[in-house]
Amino acid sequence: MGVRPRREISIMSITCDIGTIEDVLAIDSKISEFEEYNTLQKLNNRLLNKTSLILIAKYNGELAGYKIGYDLTDTEFYSWLGGVLPDYRNLGIASKLREKQECWALNSGYSLISVKSMNRFSSMLHLLISSGYKISGYEDNGTIDNSKIKFVKLL
């Protein structure tokens, strides 16, 4: 009997940490599905005077995704923007970001997370429903693909 060659095992690592608007912009500019890219001014204006959370996901040390949210009320946290670079999709990155955001919101005293997603982002719709989010409304934006479905999740 011969000796079996030893296989190298590659362990892929996903980390989620607090990020910056600059990290978000670096990722956002590479996500082609977004019709218009975000700007520093747009992000700063939206987060001004709000309690907010910016999470950045890295895959083996490389920027891979982000999630931004902010408070709507003392009890409701709004998950505003998020995205994962195409090369890093279907690896669980969006789920890790969602879980970290939910944990942070719960530990920060929020009892509800709300989010909207456009009809055309079916992967996000599936992720939200499979993660316990419930449909709470619909925002008609003129076309079916551009219209948004509103979701909530009790923490």
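None of the values given here were measured: they were computed from a predicted structure. (Residues numbered from 1 in each chain as written. Predicted model: local features only at pLDDT ≥ 70, side-chain atom pairs only at ≥ 80, totals over all residues. Heavy atoms only, no water.)

Colleague: Tell me about the packing of helix 1 (residues 21-28) against helix 2 (residues 40-47), residues and numbers included.
Modeller: Running from N to C, helix 1 and helix 2 cross one another at 130°; their axes reach a closest spacing of 10 Å. By the criterion of interaxial angle, the relationship of helix 1 to helix 2 is oblique. Handedness of the crossing formed by helix 1 with helix 2: right-handed. Only Leu40, Leu43, Asn44 and Leu47 of helix 2 make contact with helix 1, whose side of the interface consists of Ile21, Glu22, Val24 and Leu25. Partitioning the contact of helix 1 with helix 2 into residue classes produces six nonpolar, one polar and one charged. (Axes fitted to C-alpha atoms, helices over the stretch in contact; angles between N-to-C directions. Helix = DSSP H or I, 4+ residues; strand = E, 2+ residues; numbered from the N terminus. Parallel < 35°, antiparallel > 145°, perpendicular 65-115°, else oblique. Left-handed = near helix turned anticlockwise from the far one by under 90°. Contact = heavy atoms within 4.5 Å. Nonpolar A, V, L, I, M, F, W, Y, C, P; charged D, E, K, R; others polar.)

Colleague: Describe the state of the cysteines, with residues and values.
Modeller: Using the criterion set out here, one finds zero disulfides in the structure. Lacking any disulfide linkage, Cys16 is separated from the closest cysteine sulfur, that of Cys103, by 12 Å. Under the relative-accessibility criterion, Cys103 is labelled partly exposed at 43%. (Disulfide = S-S within 2.5 Å. Buried < 20%, exposed > 50% of the residue type's maximum accessible area, 1.4 Å probe, protein only.)

Colleague: Please give an account of the sheet that holds strand 2 (residues 52-59) that cites residues and values.
Modeller: Taken in spatial order, the seven strands make up an open sheet running 1-2-3-4-5-7-6, and their pairing is mixed. Edge positions in the open sheet fall to strand 1 (14-18) and strand 6 (134-139), since each of these has one partner strand only. In this sheet, adjacent strand axes meet at a mean angle of 25° when their direction is disregarded. Note: strand 2 against strand 3 (residues 62-71), eight bridges, orientation antiparallel. Bridged to Ala57 within strand 3 is Gly65. Of the strands in this sheet, strand 2, strand 3 and strand 4 (76-84) touch helix 1, which is tilted by about 120° from strand 3. With respect to the sheet, helix 4 (residues 122-130) is in contact with strand 3, strand 5 (112-118) and strand 7 (148-154), its orientation differing from that of strand 5 by roughly 155°. (Pairing = 2+ DSSP bridges.)

Read these as spatial facts, not as claims about activity.
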